[in-house]
Amino acid sequence: SISLQILFFFCHNKIMSVDATSPKDTAKASGANKLEEAPIHLGLGATSVPMTKITGAGWYEEYAKGIASPDGKEGRLVSQYTFTEPWNVWEMHPVGTEVVLCTAGSLVLIQDFGEEIIKTSLGAGEYAINPPGVWHTADCNEKTTAIFITAGMGTENKPRECEKEEEGPAGTE
């Protein structure tokens, strides 16, 4: 039989391996998880690794140093968030694209291309793509849930001043 290995990132500095002898054992080992609570890392070799709950900016730093590090720019983080108000930050992913899939409610994705700000309205079931190096943020006027598939290596964030959104993120030229 084929021997499979699944990696689980249970806490910030501890990676635990679970050996499974069949695809059925692999499925049992991963169990059922809520995406909003436990994102997934998609890595090289078509791997899928369940992660621990995102607990803030430090979580992303540890993720980048830990399980995501060997995959470099080819790794993807799949996460889900629910929002009830506009984002308070701009973010940018320098090494790859990010898919933004609205699953409930609606949002306006705001992308700063330097010479132009583009606003894209997304409803449930619609998606848009943030190209590498493009600063982006989002607005919502209702409870909205979205799934993000992100090339997170090198991600940067900057505070957002909503009243000046037409100017893009502060400090970018």
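Residues numbered from 1 in each chain as written. Predicted model: local features only at pLDDT ≥ 70, side-chain atom pairs only at ≥ 80, totals over all residues. Heavy atoms only, no water.

Observations regarding the overall build of the protein
- Summing up its helical and strand segments, the protein has two helices and 13 strands in all.
- Across the 173 residues that make up the protein, the buried fraction comes to 36%.
- Sequence separation of at least 24 residues holds for 64% of the intrachain contacts in the protein that already meet a minimum separation of 6. (Helix = DSSP H or I, 4+ residues; strand = E, 2+ residues; numbered from the N terminus. Buried < 20%, exposed > 50% of the residue type's maximum accessible area, 1.4 Å probe, protein only. Contact = heavy atoms within 4.5 Å.)

Some remarks on the state of the cysteines
- Tallied over the entire structure, the rule returns zero disulfides.
- Among the cysteines around C102, which has no disulfide bond, C140 carries the closest sulfur, lying 9.2 Å off.
- Judged by relative accessible area, C140 falls into the buried class, the value being 7%. (Disulfide = S-S within 2.5 Å.)

Remarks on the pairing of strand β9 (residues 117-123)
- Alignment of strand β8 (residues 106-112) against β9, held across seven bridges, turns out to be antiparallel. Looking at β9, one finds that L107 is bridged to L122.
- Linkage of β8 to β9, two consecutive antiparallel strands, is achieved through a turn of four residues, within which G114 is found at a positive phi near 85°. (Pairing = 2+ DSSP bridges.)

Focus: unusual backbone geometry
- At A46, a position not held by glycine, the phi torsion is positive, near 60°.
- Looking at the secondary structure, you find A46 in the loop between β3 (40-43) and β4 (47-50).
- In this structure A46 comes out as exposed when scored by relative accessible area, which is 75%.

Some words on the pairing of β4
- When β3 meets β4, the two strands line up antiparallel, connected through four bridges. Bridge pairing links I40 to P50 in β4.
- The antiparallel pairing of β3 with β4 creates a hairpin that spans three residues between the two strands, and G45 there sits at a positive phi of about 75°.

Re the sheet that holds strand β5 (residues 76-83)
- Spatially, the six strands line up as an open sheet ordered β4-β3-β5-β12-β7-β10, and their pairing is antiparallel. Among the strands making up the open sheet, the edge pair consists of β4 and β10 (127-130). Mean inter-strand twist for the sheet, computed between neighbouring axes without regard to direction, equals 20°.
- Seen against the sheet, helix α2 (residues 57-65) touches β3 and β5 and runs at an angle of roughly 165° to β5. (Axes fitted to C-alpha atoms, helices over the stretch in contact; angles between N-to-C directions.)

With respect to the packing of aromatic side chains
- Applying the stated criterion across every chain yields a total of five aromatic pairs.
- With centroids separated by 6.1 Å and ring planes inclined at 35°, the aromatic side chains of Y81 and F83 adopt a geometry described as tilted.
- For the pair F83 and F148, a centre-to-centre distance of 6.2 Å together with 90° between the ring planes defines the contact as edge-to-face. With F83 in strand β5 and F148 in strand β12 (residues 144-150), this residue pair connects regions lying 65 residues apart in the sequence.
- On the accessibility criterion, F83 (17% relative accessible area) is buried.
- By way of ring pairs, the aromatic residues Y81, F83, W87 and F148 are connected into one cluster. (Phe/Tyr/Trp six-rings, centres within 6.5 Å; stacked < 30°, edge-to-face > 60°.)

Focus on α2
- Looking at α2, one finds that the buried residues are W59, E62 and Y63. Considered in projection along α2, the buried side chains sweep an arc of 105° and stay on one side of the axis. Away from the buried face of α2 by more than 90 degrees, exposed residues A57 and K65 are located. (Arc of directions from axis to C-beta.)

Details of the confidence of the model for the protein
- Per-residue confidence for the protein gives a mean pLDDT of 79; residues scoring 70 or more make up 75%.
- Confidence drops under pLDDT 50 across residues 1-20; counting only partners more than four residues distant or on other chains, this segment forms 52 contacts. (pLDDT = per-residue confidence, 0-100.)

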